[in-house]
Amino acid sequence: MRKTIGVRLTAPLLVAALGPAALLLAPVASAAAAPGVAAVPGMAAAPYEYLGWGSPQKPTDVMKATGVKWFTLAFILSDGGCNPKWDGSRPLTGGSDEAAIKSIRAAGGDVVVSVGGWSGNKLGEKCSSASALAGAYQKVIDAYKLKAFDVDIENTEFGNATVRQRVVDALKIVKSKNPGIVTYITLGTTPTGPDATGKDLIKRGAAAGLANDGWVVMPFDFGGHTGTMGQASVGALEGLKAAVKSAYGYSDDAAYRHIGVSSMNGKTDEAGETVSTADFRTILGYAQQHHLARFSFWSVNRDRSCGSGTDADACSGVAQSPYEFTKIVVQYQG
């Protein structure tokens, strides 16, 4: 999402020159000229919290302790069909999840809601068409009047080309029906950037004219890397920036402003791979330098030291003070 914007016609100039239909001719150009999601205070720093497991902390307690205002709440899954529920089982409204969102907003914060993740039934696979998938996404957006929406595309949903296209096309419908909504697509990465499947997804987005606000990589579970995890994360982001710039024809600045990072705090799923607070500070400096769309991490639940018998979903596995990673991320303002 970043750097030097070259000469391009903005939407008002296009309309003046070619009429209102011109806006339909150049969705990517208008997206590249946009100021970026940092215009919404705090949205760019919205760490993940998953309320269904991992001994979740009260979001309002996290807000008081860290100053964080936004959370990315995970995950919305399929209930077995083309219908969204929290973890595939809890209702969108009337339950603990809606109550948590209301408490965050009452305390002056807000939420991004994330669809997908590694496990469970994915809406992208269970919904048979882009319009049906967009309808499922819309139910979530309407339930909470969302300003931002994240699709964390992993595992079989990520690996299926038909489903990748369905997700892209569904998000384009969502963007058209919800003016101003911020969308993120979050995917895995290698230390040098997205793999061939990830690049294909980005290319499909560009070809469809999807004005996605943030292509976000998860720089961990590498299966091997050189240097620190902070350095490896920067390498992955540079590869992502190159892929987004190439697919969309963005300037360097615009490409940086349309990418983001979602790290993992402490010990990851890979044996011997640890992301330290020093690595987070490296990522923070890079994000600040280039004005990334997003600096998030997985997860608030893990942002504390482990006690005896504590599940790895509920602690970082490293020596730390409570919320040490969140306190770094919250410094990022776009």
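Residues numbered from 1 in each chain as written. Predicted model: local features only at pLDDT ≥ 70, side-chain atom pairs only at ≥ 80, totals over all residues. Heavy atoms only, no water.

Asks: How would you sum up the overall build of the protein? Please name residues and give values.
Replies: When helices and strands are counted, the protein shows 14 helices and 11 strands. Surface accessibility of the protein: about 12,800 Å² in total, with carbon and sulfur atoms responsible for 55%. (Helix = DSSP H or I, 4+ residues; strand = E, 2+ residues; numbered from the N terminus. Areas by Shrake-Rupley, 256 points an atom, 1.4 Å probe, with all protein chains shown as cover.)

Asks: Describe the pattern of salt bridges, listing the residues and the values that go with them.
Replies: Pairs can form between side chains of opposite charge whenever their charged atoms are close. Taken as a whole and assessed by the stated rule, the structure comprises 11 salt bridges. Close ionic contact of D213 with K175 constitutes a salt bridge, the shortest N to O distance being 2.5 Å. Placement of the pair is D213 in the loop between α10 (196–208) and β7 (214–218) and K175 in helix α9 (residues 161–177), with a sequence separation of 38 residues. Residue D213 shares its accessibility class with K175, and that shared class is buried. Linked by salt bridges that have partners in common, D87, R90 and D97 make up one network. (Salt bridge = Lys/Arg side-chain N within 4 Å of Asp/Glu carboxyl O. Buried < 20%, exposed > 50% of the residue type's maximum accessible area, 1.4 Å probe, protein only.)

Asks: Provide a residue-level description of helix α4 (residues 59–66), including the pertinent values.
Replies: When we look at burial in α4, the residues that qualify are P59, T60, V62, M63 and T66. Seen from one end, α4 has its buried residues packed into an arc of 155°, which puts them on one side. Check the buried side of α4 and you find it contacts β1 (48–50), β2 (70–78), α5 (96–106) and α14 (324–329). Phi turns positive, to about 85°, at G67, one or two residues after α4. (Arc of directions from axis to C-beta. Contact = heavy atoms within 4.5 Å.)

Asks: Go over the nonpolar core with me, naming the residues and quoting the values.
Replies: As a rule of thumb, nonpolar side chains are buried together in soluble globular proteins. If you look at the biggest cluster of nonpolar residues, it comprises 83 residues, and the most contacted ones within it are Y137, F149, W215 and L292. Of all hydrophobic cores here, the second largest spans eight residues; its members include M43, W70, Y184 and V216. (Core = buried A, V, L, I, M, F, W, Y, C linked by side-chain atoms within 4.5 Å.)

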